[in-house]
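So you can see what is in the structure, the chains are spelled out below.
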Amino acid sequence: MKLNLLSKKIAVLALFSFYNVSKAQSTGGNPVINNEFLGDPAAMVHKGKVYLYAGHDEAPDDFHFYKMNEWKVYSSSDLKTWEKHPVPLKASDFAWASGDAWASQVIERDGKFYWYVTVSHKTVSGKAIGVAVSDSPLGPFKDALGKALVTNDMTKKTHIDWDDIDPTVYIDDKGQGWLFWGNTACYYAKLKPNMTELDGEIKTIDLPKYTEAPYIHKKNGWYYLSYATGFPEKIAYAMSKSLDGPWEYKGILNELAGNSNTNHQSIIEFKGKDYFIYHNGAIEPNGGSFRRSVSIEYLYYNKDGTIKPIIMTTKGIN
């Protein structure tokens, strides 16, 4: 009887161990996850792990536009082996939204995790920005407001209805939250401490050939605003000592992916090294502009604070 009980325990432990290992995704290069189409990567470092959030590209081969209903999350302790987690958030979780789980970003404040997302609005024409909240980086997340944080009728710099997309969020050294976003116009505004309300007017930044995908990070006293430029898109960047500017344009950070019309970057520091995370359409045989994948390269700074150009590789950081 004791032997049988011990055998059952061993079997259960073995099954549990296999299940955990089977959840890990490791590709040995770029793309870092090659069994699922993911676009618009945004990474967050939290307690020794990197959490990778991305939209799920679900477009079939014969569908030549974005089909995105949900966001995915993966985690890693080394940026090489990734664990897939249950879907933490869907566009349908926002009752006021009609769909389209486009670019997003997650940030932590005071033990809560805020997820700023792009969706289409049901009643206000065009794209909108919502915010969800969770007590865990893995979710589940829920709508924090019950309404949009930004709608198309709040921004007047352009007359298109897709200019309120691609939110990026940053909390500065004084604890002030900032939200940047926009297509063809780069908008920004301060956030109240609750992270769910704008604090003051919406402003714009004049950047050379700005298209979309703003991303803010800071290194050695410099703020960096990287963004997609032109179309098909390259990534360019500007530098400033203040998030209110002025911003000085520094040039192209990386070139065309070649197999994706868009690019979307996330820049992090993790365990003493800097990384550039982006998407392309590199998964064979049917990756492309609407079936994208996430890749990672090392990022290096020059002595004057400028960033060395990023070269896309299949080797990645291995």
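Structure report, in brief.

## Some details on the pattern of salt bridges
Counting across every chain of the model gives 15 salt bridges. A salt bridge links Asp100 to Lys127, with the shortest nitrogen-to-oxygen separation between them at 3.6 Å. Of this pair, Asp100 sits in strand 7 (residues 97–109) while Lys127 sits in strand 9 (residues 127–134); the two residues are 27 residues apart in sequence, bridging distant segments of the chain. Overall, Lys127 belongs to the buried group, its relative accessible area being 11%. The salt bridge partner of Lys219 is Glu269, with a shortest N-O separation of 3.2 Å. Of this pair, Lys219 sits in strand 15 (residues 210–219) while Glu269 is found in strand 19 (residues 266–270), placing the two residues 50 residues apart along the sequence.

## Concerning the pairing of strand 21 (residues 293–298)
A large share of strand 21 lies buried, amounting to five of its six residues. Pairing geometry for strand 20 (residues 273–280) and strand 21, over six bridges, is antiparallel. When the sheet's bridge partners are listed, Tyr278 is paired in strand 21 with Ser295.

## Overview of the environment of Ser136
Structurally, Ser136 is set in the loop between strand 9 and strand 10 (142–143). Given the relative accessible area of 24%, Ser136 is considered partly exposed. Sequence separation of Ser136 and Lys72 is 64 residues, and the distance between their C-alpha atoms is 14 Å. Those residues within four positions of Ser136 in sequence are excluded, and the remaining contacts are Phe113 and Phe141.

## Some words on the sheet that holds strand 21
Spatial strand order, 19-20-21: three strands in an open sheet with antiparallel pairing. Pairing within the sheet leaves two strands with one partner each, and these edge strands are strand 19 and strand 21. Between one strand axis and the next, the sheet turns through 30° on average, direction left out of account. Judged from the five bridges that link them, strand 19 and strand 20 form a sheet pairing that is antiparallel. Within strand 20, the position partnered with Ile268 by the bridge is Tyr275.

## Concerning the layout of surface pockets
Rolled over the atoms, a probe with the dimensions of a water molecule shows which regions are left empty. As a volume, the largest pocket reaches approximately 430 Å³. What lines the largest pocket is a set of 21 residues, among which Ala43, Tyr170, Tyr215, Ile267 and Ile268 lie closest to the centre. Of all the elements in the fold, those that place two or more residues in the lining of the largest pocket are strand 2 (38–46), strand 7, strand 11 (168–171), strand 15 and strand 19. Among the residues forming the lining of the largest pocket, the class breakdown is 13 nonpolar, three polar and five charged. The computed volume of the second largest pocket comes to approximately 320 Å³. Together, 21 residues line the second largest pocket, and Tyr66, Trp102, Ile165, Glu212 and Thr262 are the ones closest to its centre. Secondary structure elements with two or more residues in the lining of the second largest pocket: strand 7 and strand 15. Grouping the amino acids of the lining of the second largest pocket by side-chain chemistry returns nine nonpolar, seven polar and five charged.

Quick notes on the rules
- Residues numbered from 1 in each chain as written.
- Predicted model: local features only at pLDDT ≥ 70, side-chain atom pairs only at ≥ 80, totals over all residues.
- Heavy atoms only, no water.
- Salt bridge = Lys/Arg side-chain N within 4 Å of Asp/Glu carboxyl O.
- Helix = DSSP H or I, 4+ residues; strand = E, 2+ residues; numbered from the N terminus.
- Buried < 20%, exposed > 50% of the residue type's maximum accessible area, 1.4 Å probe, protein only.
- Pairing = 2+ DSSP bridges.
- Contact = heavy atoms within 4.5 Å.
- Axes fitted to C-alpha atoms, helices over the stretch in contact; angles between N-to-C directions.
- 1 Å grid on protein atoms, 1.4 Å probe; cavity = no way out; pocket = protein on both sides within 12 Å on 5 of 7 lines; lining within 4 Å.
- Points joined across faces, edges and corners; volume = space filled by probe spheres on them.
- Nonpolar A, V, L, I, M, F, W, Y, C, P; charged D, E, K, R; others polar.

Everything listed here is a matter of geometry and, on its own, says nothing about what the molecule does.
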